[in-house]
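Descriptive analysis of the structure
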Amino acid sequence: MSEERSLNFIEQIIEEDIAAGTHGGRVLTRFPPEPNGYLHIGHAKSICLNFSLAQKYGGKTNLRFDDTNPVKEDVEYVDSIKEDIKWLGFEWAQELYASDYFEQLYQFAVQLIEKDLAYVDEATPEQIAAAKGSPTVPGTPTPARSRSIADNLDLFARMRKGEFKDGEKVLRAKGDLASPNMHLRDPLMYRIKHAHHHRTGDAWCIYPMYDFAHGQSDSIEQITHSICTLEFIPHRPLYDWFIAQLGIFPSHQYEFARLNMSYTIMSKRKLIQLVQEGHVRGWDDPRMPTISGLRRRGFTPASVRMFCERIGVQKRDNLIDFSLLEFCIREELNKTAPRVMAVLDPVKVVITNYPADKVEILQAENNPEEENSGTREVPFSNTLYIEREDFMEVPAKKFFRLGPGLAVRLKYAYVVQCETFEKDASGNITTIFCRYLPESKSGNDTSGLSVKGTIHWVSAAHAHQAEVRLYDRLFSVAEPGNEEGDFKSFLNPDSLQVVENALIEPALTKARAGDRFQFLRKGYFTVDVDSSPEKLVFNRIVTLKDTWAKETKKS
RNA sequence: UGCCGAAUAGUAUAACGGUAGUACGACAGACUCUGACUCUGUUUGUCUUGGUUCGAAUCCAGGUUCGGCAACCA
């Protein structure tokens with residue numbers, strides 16, 4: 001059923017591996033987050049990639065927390081990461097932690113010391129950096145480099161025992177100080193941190209560095225395709241080197257370009273800043289590009305997966321249009337979201353020839369895109385509210401809505417024609433007076449006339465109040481991360497607009513948190529968890545496409 | 001001026017020596033009891049210079065541009 005799609009470069013590699021019988025055709029991937037922040041849409045790309053690759057080729061995917069830096073990591077993040085992956089619709093084969101391998105990694109380090117491929121150094125970070133040279137100048141050995149194997153073994157054991165303070169010693173690989181690849185110039189393998197680890201507690205005071213943990217963890221798990229982002233390309237020779245020197249399972253690393261999206265940022269460091277400095281309401285603020293933010297905003301897992309599928313996988317840097325994400329959610333919600341009427345900016349309409357005490361119950365279809373979605377009842381009376389922007393005192397050309405003398409259809413109801421209107425002292429329209437055409441009722445319209453516009457409305461006596469939160473892009477420039485100056489100065493001041501007293505049709509009061517609707521002509525909305533029995537709170541997921549708004553902007 | 005990547009419409013992404021296609025966006029129109037949806041159409045592209053070849057986005061060489069790399073972060 002799925003449309004024909006050419007293979008991305010990683011799929012090509014896997015198919016070649018399977019054809020060549022590498023690892024017996026087995027495919028095992030892993031998703032390796034560090035539990036130091038919430039997952040964002042960029043991680044979703046990686047998650048979708050790793051899990052769908054395994055699904056496609058009959059393999060599995062491990063979830064492995066890369067928790068080698070206790071000072072930055074926390075169980076709060078572990079929990080949120082697991083929740084987000086599940087929400088996206090993926091199941092991991094095993095839940096693992098790099099910290100599960102601390103003892104094994106320690107033994108690996110000892111092996112390398114014994115092979116004279118690692119040594120304990122007491123130089124300061126500044127001295128080590130200086131001794132590494134520069135890309136064009138070879139490094140020089142620090143005095144410790146010539147230490148004996150026995151001494152190194154002893155010192156490393158004492159590092160583990162806690163005989164040294166933080167930063168006093170490190171374990172370094174004996175690489176190539178002249179390598180053009182800086183990562184090979186005696187990289188650090190272990191550092192001392194007397195810190196409490198979220199899983200191992202105080203069992204350790206030395207912790208492996210990424211380079212000495214990641215590849216070996218992959219190898220221990222027998223990961224066949226270790227997929228990461230482009231910035232790890234220069235690490236690959238080191239990844240391979242450790243595995244080769246240790247003689248362990250040859251996992252391989254492949255790199256793809258991380259996701260960048262316009263009008264937002266993907267840097268964990270910056271996202272955490274927005275949260276901690278209160279520029280947003282939290283990690284799950286609906287404006288955040290985090291998975292929890294998208295979830296609260298009302299995005300569906302399927303729409304996020306579709307987005308990740310459509311953006312593709314390549315090695316070139318990219319900047320994905322925010323509009324593609326919007327397209328993906330509209331695409332799904334158009335088919336699935338029930339239609340309802342809600343007036344965000346109400347103005348009163350009185351139908352002068354409709355009996356004041358009469359109430360009609362009209363039938364409204366729930367979703368024209370879905371055959372069996374049924375209908376619901378909507379009350380109609382002589383006093384209604386419509387959207388303020390659907391009335392113009394002096395109608396513009398091609399304005400197919402209400403204005404003096406103009407006629408529109410009230411959705412599911414009657415055609416009404418505006419006769420007159422009232423204004424208050426400051427010139428705001430307060431009431432619009434219309435006559436309705438009794439023979440124009442939806443379903444059996446015998447009036448014979450056709451009006452160009454149809455608008456939504458609610459009956460004043462039957463409408464309920466609700467809070468509606470209208471979200472817009474978080475930043476007002478396309479690449480806030482690449483602009484000069486503080487990225488926070490590019491925050492969009494209008495990214496959240498709260499409508500305290502929107503009016504919703506009575507059928508909507510049954511809505512529960514997480515339900516999604518299309519507010520006719522306004523957009524897609526979801527019920528926020530802030531809702532109470534007394535007052536519903538809606539988040540706008542995305543607007544509908546609005547050709548008229550575009551038209552008015554032109555002039 | 002070291003090493004490593006990458007360059008195809010506005011943005012993404014295909015074409016794997018043989019007609020440069022698709023999606024999103026934009027624009028124009030049709031339809032419409034949502035100015036939505038749907039449908040139709042239009043516009044715009046192989047970084048550059050050489051070379052190989054009957055034929056090059058694709059192979060080769062040089063150049064240009066962009067990105068990454070010298071954390072006791074991952």
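Small disclaimer: the values here were computed from a predicted structure and weren't measured.

Conventions and cut-offs
- Residues numbered from 1 in each chain as written.
- Chains lettered and ligands numbered in written order.
- Predicted model: local features only at pLDDT ≥ 70, side-chain atom pairs only at ≥ 80, totals over all residues.
- Heavy atoms only, no water.
- Salt bridge = Lys/Arg side-chain N within 4 Å of Asp/Glu carboxyl O.
- Helix = DSSP H or I, 4+ residues; strand = E, 2+ residues; numbered from the N terminus.
- Buried < 20%, exposed > 50% of the residue type's maximum accessible area, 1.4 Å probe, protein only.
- Near = heavy atom within 4 Å.
- Polar contact = N/O pair within 3.5 Å; in protein donor to acceptor, adjacent residues only side chain to side chain.
- Nonpolar A, V, L, I, M, F, W, Y, C, P; charged D, E, K, R; others polar.
- pLDDT = per-residue confidence, 0-100.
- Pairing = 2+ DSSP bridges.
- Axes fitted to C-alpha atoms, helices over the stretch in contact; angles between N-to-C directions.
- Phe/Tyr/Trp six-rings, centres within 6.5 Å; stacked < 30°, edge-to-face > 60°.
- Lys NZ or Arg CZ within 6 Å of the ring centre and 35° of its normal.
- Core = buried A, V, L, I, M, F, W, Y, C linked by side-chain atoms within 4.5 Å.
- Domains from an automatic or database assignment.
- Contact = heavy atoms within 4.5 Å.
- Parallel < 35°, antiparallel > 145°, perpendicular 65-115°, else oblique.
- Expected span 1.5 Å × (residues − 1).
- 1 Å grid on protein atoms, 1.4 Å probe; cavity = no way out; pocket = protein on both sides within 12 Å on 5 of 7 lines; lining within 4 Å.
- Points joined across faces, edges and corners; volume = space filled by probe spheres on them.
- Left-handed = near helix turned anticlockwise from the far one by under 90°.
- Buried area = accessible area lost by both parts, 1.4 Å probe.

1. Examining the pattern of salt bridges
Counted by the stated rule, this structure contains 38 salt bridges. D121 is paired through a salt bridge with R172; the nearest N and O atoms lie 3.0 Å apart. With D121 in strand 4 (residues 118-121) and R172 in strand 5 (residues 170-173), this pair connects stretches of sequence that are 51 residues apart. Among the residues examined, D121 registers a relative accessible area of 1% and is labelled buried. Residue classification places R172 among the buried residues on the basis of a relative accessible area of 2%. With a shortest N-O distance of 2.8 Å, D285 and R287 are connected by a salt bridge. Take D285 and R287: they sit in the same class, and that class is buried. Here the salt bridges do not stand alone but share partners, grouping D284, R296, E467, R469, D528 and D530 into one network.

2. Regarding the protein's contact with RNA strand B
Contacts to RNA strand B come from 66 residues, most closely from Q12, L319, R339, S442 and T547. Between R316 and RNA strand B, the recorded distance is 2.6 Å, taken from a side-chain N or O atom to a phosphate oxygen. One of the side-chain N or O atoms of N334 is found 2.9 Å from a sugar or linking oxygen in RNA strand B. Of all elements in the fold, only helix 5 (125-131), strand 6 (188-192), helix 11 (301-311), helix 12 (322-336) and helix 13 (547-554) reach the threshold of two or more residues within the surface near RNA strand B. In terms of residue class, the surface near RNA strand B is built from 24 nonpolar, 18 polar and 24 charged.

3. Topic: the confidence of the model for chain A
Considering every residue of chain A, the mean pLDDT works out to 96; 99% of them sit at 70 or more. Prediction confidence for the complex, expressed as pTM and ipTM, is 0.96 and 0.96 respectively.

4. Observations regarding the sheet that holds strand 5
Sheet strands associate in pairs through backbone hydrogen bonding, adopting either a parallel or an antiparallel arrangement. With antiparallel pairing, the four strands of this open sheet are ordered in space as 4-5-6-7. At either margin of the open sheet sits one strand with a lone partner, and together these are strand 4 and strand 7 (206-208). Neighbour to neighbour, the strand axes of the sheet diverge by 20 degrees on average, direction disregarded. As paired elements, strand 6 and strand 7 share three bridges and run antiparallel to each other. What sits directly across from Y190, in strand 7, is P208.

5. Side note on the packing of aromatic side chains
For the coordinates displayed, the defined rule picks out 25 aromatic pairs. For the pair F212 and F242, a centre-to-centre distance of 5.0 Å together with 75 degrees between the ring planes defines the contact as edge-to-face. Taken together, the positions of F212 in helix 7 (residues 210-221) and F242 in helix 8 (residues 236-246) put the pair 30 residues apart, joining distant regions of the chain. Look at F242 and you get buried, because its relative accessible area is 0%. What links up through ring pairs into an aromatic cluster is the set F102, Y106, F156, Y190, W204, Y207, F212, W241 and F242. Here the guanidinium or amino end of K169 rests over the ring plane of F164, the centre of that ring lying 4.7 Å away. R199 extends its terminal NZ or CZ atom over the ring of Y97, reaching a point 3.5 Å from the ring centre.

6. Description of the nonpolar core
Counting residues in hydrophobic clusters, the biggest one holds 37 residues, and the most contacted among them are I41, I47, I85, L88, V304 and F307. Elements represented by at least two residues in this core include exactly helix 2 (41-56), strand 2 (60-65), helix 3 (75-88), helix 10 (291-297), helix 11, helix 12 and strand 25 (536-543). When residues of this core are assigned to domains, at least three fall in each of domain 1 (9-256) and domain 2 (268-338 + 466-554). When near neighbours in sequence (up to four residues on either side) are disregarded, I85 contacts F31, L39, I47, F51, L63, F90 and W92. One finds F102, F108, L112 and L184 within the second-largest nonpolar core, a separate group that totals 32 residues.

7. Some thoughts on the packing of helix 4 (residues 102-114) against helix 8
As a packed pair, helix 4 and helix 8 sit with axes 10 Å apart at the nearest point and diverge in direction by 75 degrees. As summarised for this structure, helix 4 and helix 8 are arranged roughly perpendicular, according to the angle between their axes. Of the residues in helix 8, those in contact with F108, Q111 and L112 of helix 4 are F242, Q245 and L246. Of the residues assigned to the contact of helix 4 with helix 8, the class counts are four nonpolar, two polar and no charged.

8. Description of helix 12
Taking 1.5 Å per residue, 15 residues should reach 21 Å; helix 12 reaches 22 Å between its end C-alpha atoms and fits that length. Looking at helix 12, one finds that the buried residues are F322, L325, E326, C328, I329, R330 and L333. Along its buried surface, helix 12 packs onto helix 10, helix 11, strand 10 (339-340), strand 23 (516-519), strand 24 (523-527) and strand 25.

9. Comments concerning empty space enclosed by the protein
In this structure the tally under the stated criterion is one cavity of 30 Å³ or more. Roughly 110 Å³ of internal volume is contained in the largest cavity. Lining the largest cavity are 14 residues, and of these R287, M288, P289, R297 and F322 lie nearest its centre. Looking at the lining of the largest cavity, its residues break down into nine nonpolar, one polar and four charged.

10. Examining the packing of helix 11 against helix 12
Viewed as axis vectors pointing N to C, helix 11 and helix 12 meet at an angle of 135 degrees, and their least axial separation amounts to 9 Å. Accordingly, the angle class assigned to the pair helix 11 and helix 12 is oblique. Viewed along their axes, helix 11 and helix 12 form a crossing whose handedness is right-handed. In contact with A302, S303, M306, F307, R310 and I311 of helix 11, helix 12 contributes L324, L325, F327, C328, I329, E331 and E332. Classifying every residue of the contact of helix 11 with helix 12 gives nine nonpolar, one polar and three charged.

11. Considering the domain arrangement of chain A
Taken as a whole, chain A is organised into domain 1 (9-256), domain 2 (268-338 + 466-554) and domain 3 (342-456). The C-alpha centroid of domain 3 is placed 29 Å from the C-alpha centroid of domain 2. If you look at the interface, domain 2 gives 22 residues, while domain 3 gives 24 residues. In total, about 1,800 Å² of surface goes out of reach between domain 2 and domain 3, with carbon and sulfur atoms giving 56% of it. When residues of domain 2 are sorted by the area they lose upon contact with domain 3, L503, R521 and W548 head the list and together hold 35% of the total. Taken together, the links from domain 2 to domain 3 amount to four salt bridges.

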